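Below, each chain spelled out in residue letters.
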Amino acid sequence: MKKTVMLFAVAVYALFAAGAEMKNALMIQKEGALWTKTENGEMKWAKNIAAGTAIQLDDSAALKAQRQSGGKLVDSEFYPALYEGKDYFVMTDRVAVAGEKQVKVMVQNAVLYGSASVLDYSSTIVPFKKLVVVGETRQMAGMDFVSVLWFDDVNYVKRNGWVRAEKVGLAVDDLAALQLVDKAKAAKDDKVKNAVIADAYTLEISDEVRHLISVEEYNILQGFNPDNVSTGKVQLRIDSPMEESGYYVHIYDIPSTKGRVVGRVFYADKVRSDKETADSTTERVQYATGIEEVKYSWFHILANIAEDGTVIWPSGWVYGVCNPR
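So, how was this worked out
Residues numbered from 1 in each chain as written. Predicted model: local features only at pLDDT ≥ 70, side-chain atom pairs only at ≥ 80, totals over all residues. Heavy atoms only, no water. Phe/Tyr/Trp six-rings, centres within 6.5 Å; stacked < 30°, edge-to-face > 60°. Helix = DSSP H or I, 4+ residues; strand = E, 2+ residues; numbered from the N terminus. Buried < 20%, exposed > 50% of the residue type's maximum accessible area, 1.4 Å probe, protein only. Polar contact = N/O pair within 3.5 Å; in protein donor to acceptor, adjacent residues only side chain to side chain. Core = buried A, V, L, I, M, F, W, Y, C linked by side-chain atoms within 4.5 Å. Contact = heavy atoms within 4.5 Å.

Engineer: Mind showing me how you'd approach the packing of aromatic side chains here?
Structural biologist: Geometry of an aromatic ring pair is reported as the spacing of the ring centres plus the angle between the planes. Under the criterion given, the structure shown has five aromatic pairs. An angle of 75 degrees between the planes, with centres 6.0 Å apart, marks the rings of Trp-35 and Phe-78 as edge-to-face. One end of the pair, Trp-35, is in strand E2 (residues 31–37); the other, Phe-78, is in strand E6 (residues 72–83), and 43 residues separate them in sequence. Of the two residues, Trp-35 and Phe-78, neither departs from the other in class, the shared state being buried. Pairing Tyr-252 with Trp-298 gives two aromatic rings, centres 5.6 Å apart and planes at 85 degrees, and the pair type is edge-to-face. Of the two residues, Tyr-252 sits in strand E17 (residues 248–252) while Trp-298 sits in strand E22 (residues 298–301), which places them 46 residues apart along the sequence. Looking at Trp-298, the relative accessible area reads 0%, which means it is buried. An aromatic cluster is built from Tyr-252, Trp-298 and Tyr-319, whose rings are joined through pairwise contacts.

In structure tokens, the structure reads:
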């Protein structure tokens with residue numbers, strides 16, 4: 001009798017799922033999992049898909065099931081989903097019901113606000129290059145805000161709120177352009193790298209993404225990987241070769257004076273650095289006695305952002321005038 005009831009329930013669910021309205025949705029986790037259900041009702045990992053990948057799901061048919069995590073079974077909630085013509089399940093907190101045109105990319109680190117107001121700030125930062133699903137926009141006190149939904153890959157939680165609109169790449173092809181840059185990174189032939197980057201520049205992109213592409217172009221064509229330079233967060237103090245209180249150092253977007261100046265830090269400012277180039281480079285530096293050529297390393301410093309979201313100085317590269325403090 002129990003078996004008959006179970007088979008009937010499965011049949012009813014199958015009929016319901018077949019007639020359900022599948023909605024367009026997006027994976028929002030960096031490498032989000034698709035699952036299948038085993039005979040005993042547990043979820044089994046099937047494959048991963050990238051953040052921003054379009055799927056279909058039935059958000060009216062959420063169900064709870066167990067899955068493996070860290071060597072043990074944990075309870076999670078799933079939606080029935082359809083991807084590339086095959087049936088799967090997705091975890092409800094790893095997806096967003098939205099169209100592909102709503103997925104955008106963060107072009108700067110951004111403070112997450114609880115509402116469209118700089119007074120309603122939080123301690124959460126939406127990270128640079130993070131894919132977000134954008135919603136409505138609002139203007140408040142002369143500032144533009146956009147609502148965002150995103151998956152926090154560090155704390156494994158879906159978040160939503162508001163960010164300043166200029167922190168998001170809102171042009172039609174911003175995401176596609178950055179995806180092309182990732183393909184250029186993976187290419188082994190320099191001609192292919194150049195061609196793919198050139199294609200990225202031809203797309204309809206925002207000024208912020210155009211700038212990001214130029215930084216990545218430098219990294220790719222110079223063979224420079226900022227993730228491979230020596231690390232270890234240390235506190236440094238900006239020193240002045242001219243010993244002047246008004247002395248400042250430019251912050252560059254790449255470790256070269258050929259890059260774009262994105263900000264500055266002043267003499268005696270204390271900064272946090274997370275990277276230092278392994279090789280020194282020769283640059284021209286202004287001293288009290290004149291301009292001299294010197295050879296130092298470049299330091300990557302972290303942004304200094306006030307609690308209300310004001311950027312005191314942005315992250316970037318400064319040239320060899322830092323001492324440990």
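Engineer: What's the story with the side chain of Lys-130 in this structure? I'm lost.
Structural biologist: Within the fold, Lys-130 resides in the loop between strand E11 (121–126) and strand E12 (131–140). Using a relative accessible area of 10% as the deciding quantity, one classes Lys-130 as buried. Among the polar contacts listed, one links the side chain of Lys-130 to the backbone oxygen of Phe-151, at a separation of 2.8 Å.

Engineer: Is there a simple way to think about the nonpolar core in this case?
Structural biologist: The nonpolar side chains of soluble globular proteins are, as a tendency, buried together. One finds Leu-131, Val-133, Ala-177, Leu-178, Val-209 and Ile-213 to be the most contacted residues of the largest nonpolar core, which totals 24 residues. At the level of secondary structure, the elements contributing two or more residues to this core comprise strand E9 (103–106), E12, helix H2 (174–186), helix H3 (190–202) and helix H4 (207–221). The element best represented in this core is H2, accounting for five residues. If we skip the residues at most four places from it in the chain, Val-209 touches Val-107, Asp-174, Ala-177 and Leu-178.

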